[in-house]
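So you can see what is in the structure, the chains are spelled out below.
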Amino acid sequence: LFTNSPVPRVKGEGRKQVKVISQGNIHGNRREAIGGAVVLIPILFQRAAYALTPILIDERGSPDPTGYKHIQEGFDSSLPIQARRGLAQARSDIVGTQQRIKDAKQRIDTILLENINEGKWSAADSELRGALGNLRFDLDTLVKNQPGKAAVAVADSVKDEFLSNMEALDLAIKGHNLQKAQKLHGDVTGELANFMSSVGVVG
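Just so it is clear, the model here is predicted, and its values are computed rather than measured.

Caption draft 1: Spotlight on the overall build of the protein. Counting secondary structure elements, the protein contains eight helices and zero strands. The order of α-helices and β-strands along the protein, N terminus first, is α-α-α-α-α-α-α-α. The burial tally for the protein puts 23% of its 203 residues in the buried class. Within the protein, contacts between residues at least 6 apart in sequence are counted, and of these 66% link residues at least 24 apart. When the accessible surface of the protein is totalled, it reaches about 14,800 Å², and 58% of it is carbon and sulfur.

Caption draft 2: Structural view of the pattern of salt bridges. Tallied over the full model, the rule gives 12 salt bridges. Residues D125 and R129 are paired through a salt bridge, measuring 3.7 Å at the closest nitrogen-oxygen approach. Here the residue D125 and the residue R129 both occupy positions in helix α6 (residues 121–144), the gap between them amounting to four residues, near one helical turn. The exposure class assigned to R129 is partly exposed, which follows from its relative accessible area of 48%. In this structure, a network of salt bridges that share partners links the residues D125, R129, D170 and K174.

Caption draft 3: Broad picture of the nonpolar core. L169 and F195 are the most contacted members of the largest nonpolar core, which totals 30 residues. Those elements giving two or more residues to this core turn out to be α5 (94–117), α6, α7 (149–174) and α8 (178–198). Top contributing element to this core by residue count: α6, with nine residues. With sequence-adjacent residues up to four places away left out, L169 is seen in contact with L112, I116, L128, A181, L184, H185 and V188.

Caption draft 4: Seen up close, the side chain of E127. You can see E127 is positioned in helix α6. Note on E127: relative accessible area 14%, which makes it buried. Of note is the side chain of E127, whose polar atom sits 2.6 Å from the side chain of R107.

Caption draft 5: Region of the structure containing the packing of α6 against α7. At a closest axis distance of 11 Å, the pairing of α6 and α7 adopts a crossing angle of 165 degrees. Put simply, α6 runs roughly antiparallel to α7. Note that α6 runs across α7; the crossing there is left-handed. Between α6 and α7, the residues in contact are W121, A124, D125, L128, R129, L132, L135, R136, L139, D140 and V143 and V152, A155, D156, K159, F162, L163, M166, E167, L169, D170, I173 and K174, respectively. Classifying every residue of the contact of α6 with α7 gives 14 nonpolar, no polar and nine charged.

Caption draft 6: α5, seen in detail. In this model α5 runs 34 Å from its N-terminal to its C-terminal C-alpha over 24 residues, within 8% of the 34 Å that 1.5 Å per residue would give. If you look at α5, its biggest bend is around 35 degrees, right at I108. Along α5, the residues classified as buried are G96, T97, I101, A104, K105, I108, L112, N115 and I116. Once α5 finishes, G119 follows within two positions and takes phi at roughly 70 degrees, a positive value.

Caption draft 7: View of the packing of α5 against α6. Two elements in contact, α5 and α6, have axes separated by 9 Å at closest approach and are oriented at 160 degrees. By the criterion of interaxial angle, the relationship of α5 to α6 is roughly antiparallel. Where α5 crosses over α6, the two elements pack in a sense that is left-handed. Contact residues: I94, T97, Q98, R100, I101, A104, R107, I108, I111, L112, N115 and I116 in α5; W121, A123, A124, E127, L128, A131, L135, D138, L139, T141 and L142 in α6. Looking at the contact of α5 with α6 residue by residue, the classes come out as 15 nonpolar, four polar and four charged.

Caption draft 8: Geometry of the environment of E167. Tracing the backbone through its elements, the reader meets E167 in helix α7. For E167 and L184, which are 17 residues apart along the polypeptide, the C-alpha to C-alpha distance reads 9.7 Å.

Conventions adopted
Residues numbered from 1 in each chain as written. Predicted model: local features only at pLDDT ≥ 70, side-chain atom pairs only at ≥ 80, totals over all residues. Heavy atoms only, no water. Helix = DSSP H or I, 4+ residues; strand = E, 2+ residues; numbered from the N terminus. Buried < 20%, exposed > 50% of the residue type's maximum accessible area, 1.4 Å probe, protein only. Contact = heavy atoms within 4.5 Å. Areas by Shrake-Rupley, 256 points an atom, 1.4 Å probe, with all protein chains shown as cover. Salt bridge = Lys/Arg side-chain N within 4 Å of Asp/Glu carboxyl O. Core = buried A, V, L, I, M, F, W, Y, C linked by side-chain atoms within 4.5 Å. Polar contact = N/O pair within 3.5 Å; in protein donor to acceptor, adjacent residues only side chain to side chain. Axes fitted to C-alpha atoms, helices over the stretch in contact; angles between N-to-C directions. Parallel < 35°, antiparallel > 145°, perpendicular 65-115°, else oblique. Left-handed = near helix turned anticlockwise from the far one by under 90°. Nonpolar A, V, L, I, M, F, W, Y, C, P; charged D, E, K, R; others polar. Expected span 1.5 Å × (residues − 1). Bend = angle between axes of the 7 residues up to and from the residue.

Next comes the structure, spelled out in structure tokens:
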């Protein structure tokens, strides 16, 4: 039943047939792969572009006159820059300006003096600069709001004296000079009280 004799075959027939079939399969698979890629690539790009397209939904509802309107004013280029930044609204509020000056005076009289007496120079410097930041603008607002040139001149003179003492106090704090800082602190509080009296601020 079993034999080692080779199977008879026509010379050259099997090799040619196998070779032709192999080349045909390779070329056919390559064409099919290229054709499939040409079809799939546009579809994939279309799906990716659709996935990355943002969907905007306006959930703001009706404008809120207490908030939404003021937010939109910040982007209104027809308004002056002071109004867009909120500076005009703050400067026109005289009652709010007076209250900020009262708050600054209280911090200068208490927190700043405490930091100076305890030698906390970094904290004293920060407190002084924090109080002086808005205080310059608030003082100018009240000076310009005074009736008549004479009242404006008096308030402006007291304001300049106060700011001069504040700058000297700042240098004393930076130099860690306790005695000079304590003396200048007294001058500053006195000048600020005089200014508040000259512009009619009670407190």
